[in-house]
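Given next are the chains, with one letter for each unit.
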Amino acid sequence: MAYENDYEDEGAPELDLEMLREDMIGELQAINQYQEHIDTIEDEEVAEVLAHIRDEEKEHLVELTKLIRKLDPLQAEMFKKEGL
Ligand SMILES: [Fe+2]
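Residues numbered from 1 in each chain as written. Predicted model: local features only at pLDDT ≥ 70, side-chain atom pairs only at ≥ 80, totals over all residues. Heavy atoms only, no water.

Visitor: Tell me about the coordination of the iron ion, residues and numbers included.
Guide: Six octahedrally arranged donors around a metal ideally form angles of 90 or 180 degrees; four tetrahedrally arranged donors ideally form angles of 109.5 degrees. The protein atoms that coordinate the iron ion are Glu27 (OE), Glu27 (OE), Glu57 (OE) and His60 (ND1), at distances of 2.0 to 2.6 Å. Given four donor atoms and angles of 52 to 123 degrees at the metal, the environment of the iron ion is assigned as irregular. Counting gaps between the donor residues of the iron ion yields the pattern E-x29-E-x2-H. Here glutamate 57 pairs with histidine 60, and both are found in helix H3 (residues 44-71), just three residues apart, close to one helical turn. (Donors = N, O, S within 2.8 Å, 3.2 Å for Na, K, Ca; no water. Tetrahedral: all angles 85-135°; square planar, octahedral: opposite > 155°, others 65-115°. Helix = DSSP H or I, 4+ residues; strand = E, 2+ residues; numbered from the N terminus.)

Structure (structure tokens):
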């Protein structure tokens, strides 16, 4: 994706937020892909390593969420409202 053109007229915070949201999509897709492979792979040791990696991706998702909360006050308020 060409960020320099897509976000030319937007302020830095919105650009940062859009990139962080795209990073979140990547983490969610990674979690799903690892889970799919864990469910398919027959070697138990390999499946355990993939499960560990999947869990790290979940941690990354939390880290990205924290950054979005920091940069997006409205989103932060909505999380707060839901007790998150
Ligand atoms: Fe990740």
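After presenting the structure, the write-up continues.
Visitor: I'd like a rundown of the side chain of glutamate 27, residues and numbers included.
Guide: When you line up the elements, glutamate 27 lands in helix H2 (residues 12-40). Despite its burial, glutamate 27 remains without a salt bridge, the nearest opposite charge being carried by arginine 54 at 12 Å. (Buried < 20%, exposed > 50% of the residue type's maximum accessible area, 1.4 Å probe, protein only. Lys, Arg positive; Asp, Glu negative; His and termini not counted. Salt bridge = Lys/Arg side-chain N within 4 Å of Asp/Glu carboxyl O.)

Visitor: Provide a residue-level description of the nonpolar core, including the pertinent values.
Guide: In this structure, Leu17, Leu20, Met24, Ile31, Leu61, Leu64 and Ile68 together form the largest nonpolar core, which totals seven residues. Those elements giving two or more residues to this core turn out to be H2 and H3. Apart from the residues within four sequence positions on either side, isoleucine 31 is in contact with Arg54, Glu57, Lys58 and Leu61. (Core = buried A, V, L, I, M, F, W, Y, C linked by side-chain atoms within 4.5 Å. Contact = heavy atoms within 4.5 Å.)

Visitor: An account of the pattern of salt bridges is needed here, citing residue identities and associated values.
Guide: Taken as a whole and assessed by the stated rule, the structure comprises three salt bridges. Across the pair glutamate 14 and arginine 21 runs a salt bridge, and its minimum N-O distance is 3.3 Å. For the salt bridge of arginine 21 with aspartate 72, the shortest nitrogen-to-oxygen distance reads 3.3 Å. Separated by 51 residues along the polypeptide, arginine 21 in helix H2 and aspartate 72 in the loop between H3 and helix H4 (73-81) bring together distant segments of the chain. In the salt-bridge network here, residues are joined through shared partners; they are Glu14, Arg21 and Asp72.

Visitor: Mind laying out the packing of H2 against H3, listing which residues take part and the relevant values?
Guide: Remark: H2 packs on H3, axes separated minimally by 9 Å, with the N-to-C direction vectors making an angle of 160 degrees. As far as their axial angle goes, H3 and H2 are roughly antiparallel. Regarding H2 and H3, the two cross each other, and that crossing is left-handed. Of the residues that constitute the contact of H2 with H3, the class distribution is 17 nonpolar, four polar and seven charged. (Axes fitted to C-alpha atoms, helices over the stretch in contact; angles between N-to-C directions. Parallel < 35°, antiparallel > 145°, perpendicular 65-115°, else oblique. Left-handed = near helix turned anticlockwise from the far one by under 90°. Nonpolar A, V, L, I, M, F, W, Y, C, P; charged D, E, K, R; others polar.)

Visitor: So what's going on with H2? Which residues, and what values?
Guide: Helix length check: H2, at 29 residues, gives a terminal C-alpha distance of 42 Å against a target of 42 Å (1.5 Å per residue), a fit within 8%. Three or more residues of H2 are buried, namely Leu17, Leu20, Met24, Glu27, Ala30, Ile31 and Ile38. In this structure, the buried residues of H2 make contact with H3. (Expected span 1.5 Å × (residues − 1).)

By themselves, these are just geometric observations and shouldn't be taken as functional.
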